[in-house]
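Each chain, letter by letter, is given below.
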Amino acid sequence: MAQEQHILVVEDERAIASFLRRGLVFEGYRVTVADTGARALDAVRDDPPDLIILDIMLPGDIDGLEVCRRIRAAGEGMPILMLTARDEVADRVAGLDAGADDYLIKPFAFEELLARVRALLRRQERRRAEEPADDGVYRFADLTLDTTSRFAYRGDRRIELTTREYELLLLFMRHPNQVLTRDVIMERVWGYDFPGESNVLEVYVSNLRRHLEAGGEPRLLQTVRGAGYALRLPTEERAGSQSS
C-alpha cells in the first residue's frame with residue numbers, strides 16, 4: 001500500500017519542494033527531499049526510494065539529467081518522474097534518453113502528478129511480480145526460455161529470437177494458461193508506439209509459431225477466437241492430462 005512507499009523529491013525550489021512533500025505525505029507516502037544532485041545520489045544510496053520525482057534544473061555540477069544517468073548506470077530500476085520547466089521536445093527526449101520513465105512540465109496540477117506517481121508505482125509492482133525464477137529460466141511443457149542468454153528451447157533444440165520475438169514470448173511465458181488480449185499484448189510489448197489497426201502482432205505471432213514448431217513440435221501458442229492468444233497445451237493434451 002501507499003503508506004509504506006518511499007518517494008524521493010529532488011527539487012531546489014523550496015516552495016515547490018515543500019508543496020510536494022506536504023501533498024505526498026498527506027496521501028500516505030514517506031517522503032525524503034534533496035535539493036542538489038549530490039544529495040539526491042547520497043539519498044538513493046543510503047535509503048533507496050520506491051520512486052523519484054526529479055527536477056532537471058538543479059544547482060551545482062550535477063543536474064537532473066546527470067542524476068538520472070548515474071542512477072541508471074548504477075543499475076537502480078526505481079521509476080523516475082522528471083520535472084521540467086521547458087516544454088521543448090528536445091528537453092523531454094533528453095530526459096527519457098537519460099533514463100526517466102515519465103516527465104511533467106511545470107507548472108503542473110498536483111492531481112496530475114499524483115496520478116502519474118500512482119501509475120509508475122503500479123507498473124513497478126507489476127514488474128517485480130514478474131521477475132524470473134532465481135535461475136532466470138521460464139519453463140512450460142517442453143518449452144524453455146533463458147532470460148540470460150535470451151535463447152528459447154523446444155526440448156534440446158535451440159531457437160534464436162529477434163528482440164521483439166523474445167519480448168513477446170517472455171510475456172506469454174510469464175502468464176502461461178492465461179488469455180492475453182491484443183490490446184494487452186500491444187501495450188506490454190510495443191508500448192503505445194504502434195498503429196492501432198496494424199497487423200504487426202499477427203505477423204509476430206506467426207513468426208514465433210514458425211520458430212517454435214520448426215521441429216514438428218505441437219503448437220503451444222494458441223489463438224483464442226474473439227479474445228486473444230494464450231500459451232497453453234493443445235486441447236487433446238489438456239484433456240489427456242485432466243483424465244490421467
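Residues numbered from 1 in each chain as written. Predicted model: local features only at pLDDT ≥ 70, side-chain atom pairs only at ≥ 80, totals over all residues. Heavy atoms only, no water.

*Asks:* Looking at this structure, how should I read the overall build of the protein?
*Replies:* On a plain count of helices and strands, the protein comes out with nine helices and twelve strands. The 244 residues of the protein split such that 43% are buried. A fraction of 56% describes how many contacts in the protein between residues 6 or more apart in sequence connect residues 24 or more apart. Accessible area of the protein: about 13400 Å², with a carbon and sulfur share of 48%. (Helix = DSSP H or I, 4+ residues; strand = E, 2+ residues; numbered from the N terminus. Buried < 20%, exposed > 50% of the residue type's maximum accessible area, 1.4 Å probe, protein only. Contact = heavy atoms within 4.5 Å. Areas by Shrake-Rupley, 256 points an atom, 1.4 Å probe, with all protein chains shown as cover.)

*Asks:* Please clarify how the packing of helix α6 (residues 163-174) against helix α7 (residues 182-190) should be interpreted in this entry.
*Replies:* A pair of packed helices can be characterised by two numbers: the angle between their axes and the separation between those axes. For the pair α6 and α7, the least separation of the axes is 10 Å and the interaxial angle reads 125 degrees. Between α6 and α7, the angle is such that the two are oblique. Considering only the axes of α6 and α7, their crossing is right-handed. Two secondary-structure elements touch here, α6 through R164, E167, L168, L171 and F172 and α7 through I185, R188, V189 and W190. (Axes fitted to C-alpha atoms, helices over the stretch in contact; angles between N-to-C directions. Parallel < 35°, antiparallel > 145°, perpendicular 65-115°, else oblique. Left-handed = near helix turned anticlockwise from the far one by under 90°.)

*Asks:* Help me understand the sheet that holds strand β6 (residues 137-140), please; the structure alone is not making it clear to me.
*Replies:* Hydrogen bonding along the main chain pairs the strands of a sheet, whether they run parallel or antiparallel. Pairing within the open sheet is antiparallel, and its four strands lie in the order β6-β7-β8-β9. Among the strands making up the open sheet, the edge pair consists of β6 and β9 (157-159). Strand-to-strand twist across the sheet, computed as the mean angle between neighbouring axes with direction ignored, equals 20 degrees. When β6 meets strand β7 (residues 143-146), the two strands line up antiparallel, connected through four bridges. When the sheet's bridge partners are listed, R139 is paired in β7 with T144. Packing of α6 onto the sheet brings it into contact with β6, β7 and β8 (151-154), and relative to β7 it is tilted by some 115 degrees. (Pairing = 2+ DSSP bridges.)

*Asks:* Help me understand the sheet that holds strand β3 (residues 51-55) in this model?
*Replies:* Judged by pairing direction, the sheet is parallel, and its five strands sit side by side in the order β2-β1-β3-β4-β5 without closing on themselves. Because the sheet does not close on itself, it has two edges, and the strands there are β2 (30-34) and β5 (102-105). Neighbour-to-neighbour, the strand axes of the sheet open up by a mean angle of 20 degrees, direction not taken into account. Contacts from helix α1 (residues 14-26) reach β1 (6-10), β2, β3 and β4 (80-84) within the one sheet, and its direction differs from that of β2 by about 170 degrees. Relative to the sheet, helix α4 (residues 89-98) contacts β4 and β5, its axis offset from that of β5 by approximately 150 degrees.

*Asks:* Can you walk me through the pattern of salt bridges in this structure?
*Replies:* Note on pairing: side chains with opposite charge can pair once their charged atoms come close. The final tally for this structure, using the stated rule, is 18 salt bridges. Across the pair D142 and R154 runs a salt bridge whose closest N-O atoms are separated by 2.9 Å. Taken together, the positions of D142 in the loop between β6 and β7 and R154 in strand β8 put the pair twelve residues apart, joining distant regions of the chain. Assessed through its relative accessible area of 32%, D142 is described here as partly exposed. In this structure, R158 engages E160 in a salt bridge whose closest nitrogen and oxygen atoms are separated by 3.5 Å. Judged by its relative accessible area of 55%, E160 falls in the exposed class. Because the salt bridges share partners, they merge into one network encompassing E11, E13, D55 and K106. (Salt bridge = Lys/Arg side-chain N within 4 Å of Asp/Glu carboxyl O.)

Coordinates in, geometry out; function isn't part of it.
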